[in-house]
Amino acid sequence: MTHELTASRLASASSNMTASGDWWRDAVIYQVYVRSFADSDGDGVGDLRGVRERLPHLARLGVDAVWLTPFYVSPQADGGYDVADYRAVDPLFGDLADADDLVRAAHALGLRVIVDVVPNHTSDQHPWFRAALAGEPGARERYHFHPGRGAAGAQPPNDWESVFGGPAWTRTPDGQWYLHLFAPEQPDLNWEHPEVAEEFASVLRFWLDLGIDGFRVDVAHGMVKAPGLPDLGHGAQATLIGTQPLPFFDQDGVHEIHRSWRRLLDSYEGPRIGVAEAWAPSSERLALYVRPDELHQAFNFRFLKCPWDAEGMRTVIDESLAATTSVGAPTTWVLSNHDVVRHVTRYGGGARGLARARAAALLMLALPGSAYVYQGEELGLPEVLDLPDAARKDPAFLRSAGQDGLRDGCRVPIPWSGAQPPYGFGPGGSWLPQPAGWDGLSVAAQTGDPHSTLELYRAALELRRALPGLGAPEAGWAQTAGEAGSEDGAPGPTGMRWLPAPEGVLLFTRPGFACTFNTRPTPVELPAPGRPVLSSAPVETDGRTVLLPPDSCTWWAI
């Protein structure tokens, strides 16, 4: 039994769709990396028209919203996260009319649209930064320009490192240094300057007036730096992100910015939402970004980074739900995105990695809160590990001691149809080469195959809407705080409960629903918790006991 048995169950199931006012609390949101989703004009690069033409795939998949990575005017030094004009569409991706058409088409299909906003830094080609380099009076105050240290100011102002490797400072011809926590082409803005806040409030209103439903805030933890820009006193700083306090990330001052944005978002009908891409050293610090007067969601990167280990996953789930419940917010689960190795590969690659990825997807979609799906994960795509050096675009690739520079492997354009590249991606080639053998992973090849990963996702999202105990925002954390580590704990304030299970297995219930998750490499027998309705792998049950397959997840109606 996999997921071919679910369709007949759904006809009589009642919907538990969240009220439209709280749609974001249990939404499944699909991330589109625009460059790699669909190309309409044959230049090998995905674009907004291509996204619009493929929206029916997302509607059929069953997601609630689509998040678009940056499509603004940009020199593309970092895949569009170096913005030169926040109110215009880069010709590479289309024009403003294409953006308007996309939003209208998505809304017609019942899909909401979230776009990226990049407030920590601009492009070095932004008019503000060009004015700063040209010496326009007051222009440098919008950024972090400082004199250097040492003889003749030849050393950077402090020891901060770029996330992409190397110093976080670049010297200008007149001897001053400017801060860039990412690439030199991405100078950091100074959010203590009032014009910065005024400009971004205007940018948000521009896109809200166009009809978008929210913003994913890039580097939401980074806009405010510690007073005096103190040294960190440690190398390999990129490896410390999200593990300990840092003077350039997760400063308390960012929260006033998010509060001001929440007030702006709440002034529009919708509701319109803000989503924090925030790295914080603990679940409790992350929860601060989703307090009632701040943003609506924050990505749970601890869940993404958790290894294939039942105990570790349970700990992350418990701590994450406890932290967000304490501030009245949902937890936002994610397994992959455009900055990390795809989870099929992280979980071991090959058949085992795919089995684990399918199981992890069902676990994620069974948990209370919202979930994000990165394009291609519904196809079971692995990371592309053998891209030629000449094809790579990641700005960290040629730098050292930062990110690994290999993010291109998760950004390869996805396959839609056909037996050979570009697999229906567009009428031309593709900006990154696609592997041979992806024809069997395409949307066309998997559609209608009840054993495919695509049909598993479709069935899971349909069931998530239909089963009364799934996806509801009021379904929350595992146990009361005093029982967080106990077996068979009392239901927490919102109804989720862990039950005893063998080592390597997770078993929890929600109203009318149970989930079993086996991380062991061998089958495990236990009493059947109910009637199986969906499984990532064939499961054997006689109604009294069940033999859970290795590396699998099964949903049960109880």
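If you're wondering where the values come from, they're calculated on a predicted model, not measured in any experiment. (Residues numbered from 1 in each chain as written. Predicted model: local features only at pLDDT ≥ 70, side-chain atom pairs only at ≥ 80, totals over all residues. Heavy atoms only, no water.)

Peer 1: An account of the pairing of strand β15 (residues 505–510) is needed here, citing residue identities and associated values.
Peer 2: Burial within β15 is extensive, with six of its six residues counted as buried. Of the two faces of β15, both are covered, the one formed by V505, L507 and T509 as well as the one formed by L506, F508 and R510. Taken together, the two bridges between strand β14 (residues 497–498) and β15 define a ladder with antiparallel strand orientation. Across the sheet, the residue bridging to W498 is F508, located in β15. (Buried < 20%, exposed > 50% of the residue type's maximum accessible area, 1.4 Å probe, protein only. Helix = DSSP H or I, 4+ residues; strand = E, 2+ residues; numbered from the N terminus. Pairing = 2+ DSSP bridges.)

Peer 1: Summarise unusual backbone geometry; cite the residues concerned and give the values.
Peer 2: For the bond from G270 to P271, the omega torsion is -5 degrees, close enough to zero to count as cis. For P271, the position within the fold is in the loop between α7 (254–266) and β10 (273–276). Backbone geometry at L229 places phi at a positive 50 degrees, although glycine is not the residue there. Tracing the backbone through its elements, the reader meets L229 in the loop between β9 (214–217) and α7. Phi at A236 takes a positive value of approximately 45 degrees, unusual for a residue other than glycine. Position of A236 relative to the elements: it lies in the loop between β9 and α7.

Peer 1: Kindly report on helix α12 (residues 350–366), identifying the contributing residues and their values.
Peer 2: With 17 residues, α12 extends 25 Å between its outermost C-alpha atoms, agreeing within 8% with the 24 Å of an ideal straight helix rising 1.5 Å per residue. Judged by how many residues are buried, α12 sits mostly within the fold: twelve of 17 residues are covered. Burial in α12 covers these residues: G353, R356, A357, R358, A359, A360, A361, L362, L363, M364, L365 and A366. (Expected span 1.5 Å × (residues − 1).)

Peer 1: Can you lay out the side chain of R458 for me, pointing to particular residues and giving the numbers?
Peer 2: You can see R458 is positioned in helix α14 (residues 453–466). With residues near it in sequence (within four places) discarded, R458 still touches H57, R60, L61, V443 and T447. (Contact = heavy atoms within 4.5 Å.)

Peer 1: Just give me the short version of the side chain of S36, but keep the residues and values in it.
Peer 2: On the secondary structure map, S36 appears in the loop between β1 (28–32) and α2 (48–53). In terms of polar contacts, S36 uses its side chain to reach the side chain of W431, at 3.0 Å. Non-local contacts of S36, meaning those with residues more than four positions away in its chain, are made with G46, Q375, R411, V412, P413, I414, F425 and W431. (Polar contact = N/O pair within 3.5 Å; in protein donor to acceptor, adjacent residues only side chain to side chain.)

Peer 1: Quick one: what's the story with the nonpolar core, residue by residue and with numbers?
Peer 2: Most often, soluble globular proteins have nonpolar side chains that are buried together. Of all hydrophobic cores here, the largest spans 149 residues; its most connected members are L68, F71, W207 and W555. Contacts of L68, omitting those with residues within four sequence positions, involve V32, V34, V51, L102, V113, I114, V115 and D116. Core analysis: the next-biggest nonpolar cluster, separate from the first, contains 19 residues, W169, A183, L229 and F249 among them. (Core = buried A, V, L, I, M, F, W, Y, C linked by side-chain atoms within 4.5 Å.)

Peer 1: So what's going on with the pattern of salt bridges? Which residues, and what values?
Peer 2: What the rule picks out here adds up to 29 salt bridges. In this structure, the salt-bridge partner of D293 is R259, at a minimum N-O distance of 3.2 Å. With a gap of 34 residues between them, D293 in the loop between α8 (283–287) and β11 (297–298) and R259 in helix α7 connect regions that are remote in the sequence. Residue R259 is classed as partly exposed on the basis of its relative accessible area, which comes to 21%. A salt bridge links R356 to D551; the nearest nitrogen and oxygen atoms lie 3.3 Å apart. Here R356 is found in helix α12, whereas its partner D551 is found in the loop between β20 (545–548) and β21 (552–557), with 195 residues between them in sequence. For the pair R356 and D551, a shared accessibility class is recorded, and that class is buried. Among the ionic contacts, a cluster of salt bridges with common partners joins E256, R259, R263, R291, D293 and E294. (Salt bridge = Lys/Arg side-chain N within 4 Å of Asp/Glu carboxyl O.)

Peer 1: Let's hear about empty space enclosed by the protein: which residues, and what values?
Peer 2: One pass over the structure, following the stated rule, counts six cavities of 30 Å³ or more. Lining the largest cavity are S283, L286, A287, V290, A298, N300, S320, A323, T324, P330, T331 and T332. Counting residues per element, the ones that place at least two in the lining of the largest cavity are α8 and α10 (310–325). Classifying every residue of the lining of the largest cavity gives six nonpolar, six polar and no charged. (1 Å grid on protein atoms, 1.4 Å probe; cavity = no way out; pocket = protein on both sides within 12 Å on 5 of 7 lines; lining within 4 Å. Points joined across faces, edges and corners; volume = space filled by probe spheres on them. Nonpolar A, V, L, I, M, F, W, Y, C, P; charged D, E, K, R; others polar.)

Peer 1: Can you tell me about the packing of aromatic side chains, naming the residues and giving the values?
Peer 2: Within the structure shown, the criterion is met by 27 aromatic pairs. Seen in terms of ring centroids, F299 and Y372 are 4.7 Å apart; in terms of plane orientation they differ by 80 degrees. Their pairing is edge-to-face. Here F299, found in the loop between β11 and α9 (301–305), pairs with Y372, found in strand β13 (residues 370–374); they are 73 residues apart in sequence, far enough to count as distant. Overall, the relative accessible area of 3% leaves F299 in the buried class. Positioned above the aromatic ring of W431 is the side chain of R35, whose terminal nitrogen or guanidinium carbon lies 4.3 Å from the ring centre. A cation over a ring is seen here: R54 above W416, with NZ or CZ 4.1 Å from the ring centre. (Phe/Tyr/Trp six-rings, centres within 6.5 Å; stacked < 30°, edge-to-face > 60°. Lys NZ or Arg CZ within 6 Å of the ring centre and 35° of its normal.)

Peer 1: Describe the sheet that holds β14, listing the residues and the values that go with them.
Peer 2: Read across the open sheet, the five strands follow the order β14-β15-β16-β21-β18; overall the sheet is antiparallel. Looking at the sheet topology across the chains shown, the edges are occupied by β14 and β18 (531–535). With respect to the sheet, α10 is in contact with β14, β15 and β16 (513–518), its orientation differing from that of β15 by roughly 35 degrees. (Axes fitted to C-alpha atoms, helices over the stretch in contact; angles between N-to-C directions.)

Peer 1: Before we move on, could you go through the sheet that holds strand β5 (residues 112–117) and cite the residues and values that matter?
Peer 2: The eight strands are arranged β11-β10-β9-β5-β2-β1-β13-β12 in an open sheet whose pairing can be described as parallel. The sheet is open, and its two borders are formed by β11 and β12 (332–334), each paired with just one other strand. Looking at chain direction, β1 and strand β2 (residues 65–68) are connected through four bridges and run parallel. Paired with Y30 across the bridge in β2 is V66. The sheet strands contacting α12 are β1, β12 and β13, and the helix crosses β13 at an angle near 150 degrees.

Peer 1: Explain helix α4 (residues 96–108) to me, and be specific about the residues and the numbers.
Peer 2: For an α-helix the count is 3.6 residues per turn, leaving residues at separations of three or four pointing the same way. For α4, with 13 residues, the first-to-last C-alpha span of 19 Å sits near the 18 Å given by 1.5 Å per residue. Those residues of α4 lying buried are D98, A99, L102, V103 and A106. All buried residues of α4 fall inside an arc of 135 degrees around its axis, so they share one side. Along α4, the residues that are exposed and aim more than 90 degrees away from the buried face are R104 and A108. Next to the buried residues of α4 lie α2, α3 (55–61), β2, β4 (85–89), β5 and α6 (194–210). Where α4 starts, the residue carrying a side-chain oxygen 3.1 Å from the main-chain nitrogen of A97 turns out to be D95. Just past α4, the residue G110 takes up positive phi, approximately 80 degrees. (Arc of directions from axis to C-beta.)

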